[in-house]
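Survey of secondary and tertiary structure
For reference, the chains in residue letters:
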Amino acid sequence: MTQVRVRFAPSPTGRFHLGSARTALFNWLFARKTGGVFVLRIEDTDPRRNTPEALRVLLNGLRWLGLNWDEGPETGGACGPYFQSRRQAVYGRYLRKLHDSGRTYRKDGAVYFRLEGERYLEYDPYLKAEVEKVRAAPQVFVDAVRGQVRRAEEKDFVLVRSSGEPVFHLVNVVDDIAMGITHVIRGEDHLSNTAKHCELFKALGAPLPQFVHLPMILNNKGPGKMSKRGDGVHLEDYSRRHFLPSALVNFLALLGWNPKDDSEIMSPDRLLEKFDLDGIQKGNARFDEKKLAHVNTEHLRRLPREEFMQRSLSVLQGAGLDVSDLTYSRAVLDLCRDKVRSLDDLPAYVTYFFSDSYPVDEKARRRLMKREDSLPKLQQALACLQSVGEWTEAGLEEGFANLARSHRQKKPFAWFPVTRFAVSGRAGGPDLLPMLALLGPHRTLTRLRRAGRAQRKE
RNA sequence: GUCCCGUUCGUCUAGUCAGGUCUAGGACACAGGGUUUUCAUCCCUGCAACAGGGGUUCGAAUCCCCUACGGGACGCCA
């Protein structure tokens, strides 16, 4: 069997759409799974959309996801160049072939592909005009997901614009032939185009590749495929919010594919182990950000400690927190690991460890500080902590135990919520005692006093 | 409008190709309860689907047909 060659053929637009990302992922998975070659080909035949910045977004997006390509921009390869804007000579050669076999003609300065079959004139309600149609033989092809599909083209179509630029259908097929592509894995929006492409493959005397049409990703709300605009539809929206690439890969893979067992949280390696074309879904899928968040949290929990540290430190630094005391910062992060749900939440979760001007959760204030006994509790906690001998977790525990005993309580838990709120401005967080130990006596006592003063004023 | 593809809980999906083991399984979300100093975790419980109709069959989520609905394509965009 010949080696699998697949391609991801994006058009640079300046954004990296999640639908594209999933198509890239499936191509990559299939290539890696089969020991095949993953080709990256840039379909920049529309000069208006084609900028260096747009290309950079694309390449960075793929790198962020960890989808390395074997042939393409930067890596090169035997079938280059990998930019369609630089392949004019190739298209010229194939065009000549079509011309020589009588399958092209010129009209209005453009080059058209000639279908074979009886011609007739008909009013086309879609184009709102009388057009020439052709009774062409239906093209029959096998789609790996949907089985046999049959569709007949009925209109000649443009191959080269009057400006001289070749159009998508031509370059796409020519490059798939010239680059030896064996499997065309792409979105279902191309299923209807496939008949057109089959016409070209046949007219050029090339064998058909195996087609694999992926279900569409639909908008979470409202009709239609995931829109090109709007929030949360581009890869950058998620990288910016510090989602883990492995989580996005996992989630995207599950959108239109499943491993047939109940596995859900999978590393890229695990995904690779499980991936196969059979598991691809026929029906369209809707993007659910809540589920993504869940997958992301699970990936965060599974992150090795050191990687969690590195990513967290960089997120905190990006949020303007001073993490230069690495021993301290790491100690803070150790307290939060397995607690915080996303890296995006992390800065707000730990600001009070790094600064005295931290945000205060007003809802928590209303709930905790409105109570009659909050001021006495605060004062008692302050008094107790002031007399703690050794400012360690054990010392603090002993101090609180004494406090409880003097109020004939078994446990000091009654003082915990107000204390936590007073020193952090939050209702939740890491375990209280280690948190106070790390915060140190100075900040803890200062904040408790400050909270007491604020409380007296009310 | 024409053609192509699809349709199982609110969402992602298992089960469909090889009809019975499906009183339809899992996950997210949601609701309730338990554990927990808080938060998170964890545990338990609940909610909730075979689009509709007709056929084939002893038996249909599964096979066939029709309808409805959804998506896509029909461009000198990709």
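Going by the structure above, here's the rest.
The paragraphs below set out a description of the structure included in this document.

We now examine the packing of aromatic side chains. Throughout the structure, instances matching the rule amount to 15 aromatic pairs. Cluster of aromatic residues (ring-pair linked, three or more members): Y238, F243, F251 and F287. Taking the ring centre of Y120 as reference, the NZ or CZ of R135 above it sits at 4.1 Å.

Time to look at the sheet that holds strand β4 (residues 110-113). Across the sheet, 3 strands lie side by side as β3-β4-β9; this open sheet has antiparallel pairing. Only two strands of the sheet have a single neighbouring strand rather than two, namely β3 (104-107) and β9 (157-160). For this sheet, the mean inter-axis angle between neighbouring strands, taken without regard to orientation, is 45°. Across 4 bridges, the pairing between β3 and β4 is antiparallel. Across the sheet, residue Y105 finds its bridge partner in β4, namely Y112. Here helix α3 (residues 88-100) sits on the sheet and contacts β3, β4 and β9; the angle it forms with β9, its principal contact strand, is near 135°.

What follows concerns the layout of surface pockets. Of the pockets and cavities examined, the second largest pocket occupies roughly 310 Å³. If you trace the second largest pocket, you find it lined by Y105, K107, Y112, D124, Y126, L127, V131, E132, K133, E154, K155 and D156. For the lining of the second largest pocket, the secondary-structure elements that each account for two or more residues are β3 and β6 (129-136). When residues in the lining of the second largest pocket are grouped by element, the largest group, 3 residues, is from β6. Taken together, the residues of the lining of the second largest pocket break down into 5 nonpolar, no polar and 7 charged.

What follows deals with helix α13 (residues 362-369). For α13, the set of buried residues is A364, L368 and M369. For α13, the arc enclosing every buried residue in end-on projection is 95°, short of the 170-degree limit, so these residues lie on one face. For α13, exposure combined with an orientation more than 90 degrees from the buried face picks out K363 and R367.

In the vicinity of RNA strand B, 63 residues are found, and the nearest of them are R161, N258, E264, A427 and D431. Near the protein, meaning within 4 Å, the atoms of RNA strand B are sugar or phosphate in a fraction of 70%, with bases accounting for the rest. R146 is positioned such that a nitrogen or oxygen atom in its side chain is 2.7 Å from a sugar or linking oxygen of RNA strand B. Between a phosphate oxygen of RNA strand B and a side-chain N or O atom of N258, the distance comes to 2.4 Å. Contributing elements (two or more residues each) for the surface near RNA strand B: β8 (147-151), α4 (168-178), β13 (285-286), α9 (289-302) and α16 (416-424). Broken down by element, the surface near RNA strand B gets its largest block of residues, 4 residues, from α9. A class-by-class count of the residues in the surface near RNA strand B yields 20 nonpolar, 16 polar and 27 charged.

The rules behind each value
- Residue positions are given per chain, counting from 1 as you read along its sequence in written order.
- Note on labels: chains are lettered from A, ligands numbered from 1, in written order.
- pLDDT decides what is reported in this predicted model: residues at 70 or higher carry local features, side-chain atom pairs at 80 or more are listed and counted, and totals for whole chains, interfaces and linings draw on all residues regardless.
- The basis for the side-chain values is all heavy atoms of the structure; hydrogens and waters are excluded.
- Each Phe, Tyr or Trp ring, with Trp reduced to its six-membered ring, pairs with another whose centre is within 6.5 Å; inter-plane angles below 30 degrees give stacked pairs, above 60 give edge-to-face pairs, and intermediate values give tilted ones.
- In our convention, an over-ring charge means Lys NZ or Arg CZ found within 6 Å of a ring centre and within 35 degrees of that ring's normal.
- Two strands are counted as paired when DSSP detects at least two bridges linking them.
- Put simply, DSSP marks the helices as runs of H or I at least four residues long and the strands as runs of E at least two long, and each gets a number from the N terminus on.
- To define axes, lines are fitted to C-alpha atoms, for helices over the stretch in contact only, and angles between the resulting N-to-C directions are given on a 0 to 180 degree scale.
- Contacts are assigned to residue pairs with any non-hydrogen atoms lying within 4.5 Å of each other.
- A cavity, in this analysis, means grid points on a 1 Å lattice covering only the protein atoms where a 1.4 Å probe fits yet has no way out; a pocket is instead an open set bounded by protein on both sides within 12 Å along at least five of seven lines, and a residue lines either one if it has an atom within 4 Å of a point.
- Grid points are joined across faces, edges and corners, and a volume is the space filled by probe spheres set on the points.
- Each residue is assigned to one class: nonpolar for Ala, Val, Leu, Ile, Met, Phe, Trp, Tyr, Cys and Pro, charged for Asp, Glu, Lys and Arg, and polar for all the others, Gly among them.
- The rule is simple: take the accessible area with a 1.4 Å probe, protein chains only, and divide by the maximum for that residue type; under 20% is buried, over 50% is exposed, in between is partly exposed.
- Here the arc refers to the directions that run from the helix axis out to each C-beta atom.
- In these notes, residues near a molecule or strand are those with any non-hydrogen atom within 4 Å of it.
- Polar contacts, as counted here, are pairs of nitrogen or oxygen atoms within 3.5 Å of one another; within protein the pair requires one atom able to donate a hydrogen and one able to accept it, and residues that are adjacent in sequence qualify only if both atoms are side-chain atoms.

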